[in-house]
Amino acid sequence: MFVDLIQNTLDGLTSGAAYALLAVGFTLIFGVLRRVNLSYGPAIMFGCYAATWFHVHFQGGLLLLAVITIAGTVLAGAYVERLCFAPHRDGSAIAAMVASFALWMQLEELAILAMPKHLYAFPALYEGRPLALGPFSLRVEALLMLLVTVATCVALHRLLYRSRFGLAVRAVIEQPVAAQLAGIDLPGIFVRIFAVASLVGAIAGYLIVSSSEQVTPMLGMWSTLKGMLAMMLGGLGSLPGAVLGGLALGLIEAHSQWFFGPQVRDLTAYLLLFILLALRPSGLWTTTRSAS
Amino acid sequence: MSALLEVRDIVTAYGKIEALKGVSLEVQQGSITCLLGPNGAGKTTLMMTTAGILKPKAGSIRFSGDEIAGAAPHAIVTKGVALVPENRLVFPNMTVVENLHAGAYRRNDQPEIAADVDRMLTRFPVLKQRAAQGAGTLSGGEQQMLSVARALMSRPKLLLMDEPSLGLAPLIVEEIFRIIAELRKDGTTIFLVEQNAHMALTVAHHFYLIEQGKVTFSGTPGSLAEDEVIKRAYLGSAKT
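From a predicted model like this one, the values you see are computed outputs, not experimental measurements. (Residues numbered from 1 in each chain as written. Chains lettered and ligands numbered in written order. Predicted model: local features only at pLDDT ≥ 70, side-chain atom pairs only at ≥ 80, totals over all residues. Heavy atoms only, no water.)

### Here's the deal with the sheet that holds strand 10 (residues 214-219) of chain B
Residues and elements named next belong to chain B. Condition: Only strands joined by at least two bridges in the DSSP assignment are considered to pair. For the purposes of this entry, the term helix denotes a DSSP run of H or I that reaches at least four residues, the term strand denotes a run of E that reaches at least two, and both are numbered from the N terminus. Here, axes are lines fitted to C-alpha atoms. For helices the fit covers the stretch in contact, and angles between N-to-C directions go from 0 to 180 degrees. The contact definition used throughout considers only heavy atoms, calling two residues in contact when any of these lie within 4.5 Å.
Pairing is mixed across the open sheet formed by 6 strands, whose spatial order is 6-7-8-3-9-10. Since the sheet does not close on itself, it has two edges, and those belong to strand 6 (81-84) and strand 10, each with one partner. When strand polarity is set aside, the average angle formed by the axes of neighbouring strands in this sheet is 20 degrees. Along the sheet, helix 9 (residues 226-235) makes contact with strand 3 (32-36), strand 9 (206-211) and strand 10, crossing strand 9 at roughly 40 degrees.

Put into structure tokens, the structure is as follows:
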């Protein structure tokens, strides 16, 4: 029993790490643009499909496939930004969200047309045996996932807190009007933050498909859902909150699966989100934000 | 003196409602020019239009002879116009020093920016004590100083100030106006929106009255009895 609890915690942390990355990407777009991008997951799915397509036809190494995943996701992300968010910059947030839903369908159809089978194999990140630590087992790819997540978060933190671009991004998140008055070019920041969010999402997507060793068109919806859920758990628009929310979601899923079975796993996560929103609507991690 | 800022027939609307119905005015190089008027007259709208946050429907705004009406805010900052916005709008979760660096975003002369940060901390000693603190923890007066300092970090030729005394204690208000006079002496032209007509008239070289989106009076501080100015600045002239 106790051993299982610890094992579940380990498993939960590794899937939570992927959720955390998904949530960070989602939060970057939400925090900076104040827009919900439903096509966030589908763009990641598109990148993973591009890599899978390449692998099916030409057999690529893991590193090459990672590069293709990132390039495909950033490309799809740029397409979404141009079509959904650039035209609605001053306009309706709902219009942008609905437009991003339309592109979700488009990207999904495109993937299905190019690769009509429901499921494709994706090369594994690591094919050896799991590491045994006493009574616990730790999959090496899970360990890699944790490491890459930590490295990505550290790099992102450096970008946001040590660079001129990061200063501008934080200024836009906190006070968009004052940021413009300080001379920060808002559309320019939007485009670049979309690219950064796509990059983070692509890393998450690559880790997820290479550790589950498969891709399906459902990856798009799944990524948007998990990213949004983790973001809401952590508190809208807060980056540390997104990491915390992702880890919390992973832990909740792992433990509830063990206690109640896989059918109840997702239900538990939604139920907890419901309770959290009722009791603490600002999320686990609350930031102060001046009224704008 | 020549006009540094020339506003001609500016119309700015929120949807169908015109907040500015053809405003024309001038700010002379090296002067302090003040815009007075009651709430809702269009003062903030004019400031936001000049800074590029709001786009005018018609009219022209020339700065140093260049047309800036409808230009992007960052382009206007680059030309040398900075706005200290109403309610200060500091970046609350960023430190005082980070706020100052954000103000210098369009510049890329790193050593000079660092020197300017030091200059601001010397000019505004209250900020020096709180240099590493989050701007959200500052008092209203300190935030106002920070907002002014942040705008100065872009080295503007024209400083627009929207209600810098709003909600501040009388001693702080006096300090703000002392700073305004100092800045002018250092060569910065100032265009000031104020509710505190009495204080504004003590520093202004020229003032305009704006009521319901139109300039209704223009003159120098002695040209209209102060109580008449104050009455119209707060209440607007009675029109029935």
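Back to the write-up after that little detour.
### What about the pattern of salt bridges?
Stated precisely, the cut-off is as follows: Any Lys or Arg side-chain nitrogen located within 4 Å of an Asp or Glu carboxyl oxygen qualifies as a salt bridge. Burial classes follow relative accessibility: with a 1.4 Å probe on protein chains only, a residue under 20% of its type's maximum area counts as buried, one over 50% as exposed, and anything between as partly exposed.
Per the counting criterion, the structure on display carries 20 salt bridges over all chains. The partner of D266 of chain A in a salt bridge is R265 of chain A, and the shortest N-O contact between them spans 3.6 Å. A relative accessible area of 29% means that D266 of chain A is categorised as partly exposed. R107 of chain B is the salt-bridge partner of D109 of chain B, the closest N and O atoms lying 3.3 Å from each other. Residues joined by salt bridges that share partners form a network here, namely R107, D109, E112, D116, R119 and R155 of chain B.

### Section: the confidence of the model for chain B
To keep it simple, the criterion reads: A residue's pLDDT is the predictor's confidence in that residue, given on a scale from 0 to 100.
The share of residues in chain B with pLDDT of 70 or more is 98%, and the mean pLDDT across the chain is 93. Confidence metrics for the complex model read pTM 0.89 and ipTM 0.93.

### Things to note about the interface of chain A and chain B
Going by this rule: Buried area is calculated as the accessible area (1.4 Å probe) missing from two parts once they are joined, with the contributions of both summed. Pairing of N or O atoms within 3.5 Å defines a polar contact, subject to two protein rules: one partner must be a possible hydrogen donor and the other a possible acceptor, and residues neighboring in sequence count only if both atoms are side-chain atoms. Note on residue categories: nonpolar means Ala, Val, Leu, Ile, Met, Phe, Trp, Tyr, Cys or Pro, charged means Asp, Glu, Lys or Arg, and polar means any other residue, Gly included.
Between chain A and chain B, the residue contacts involve 20 residues of the former and 22 residues of the latter. Summed over both partners, the interface of chain A with chain B comes to about 2,000 Å²; 62% of that surface belongs to carbon and sulfur atoms. Its largest share of buried area at the contact with chain B, chain A owes to R164, E174 and L181 of chain A, together 31% of the area lost on that side. Applying the counting rule to chain A against chain B returns 1 salt bridge. One salt bridge in this structure joins E98 of chain B and R170 of chain A, with 2.9 Å as the shortest N-O distance. The tally of links from chain A across to chain B stands at 5 residue pairs in polar contact (both at pLDDT 80 or more). Counting residues per element, the ones that place at least two in the side of chain A that touches chain B are helix 6 (164-174), helix 7 (176-181) and helix 8 (186-212) of chain A. It is helix 6 of chain A that contributes the most residues to the side of chain A that touches chain B, 6 residues altogether. Across the side of chain A that touches chain B, the residue classes break down as 10 nonpolar, 5 polar and 5 charged.

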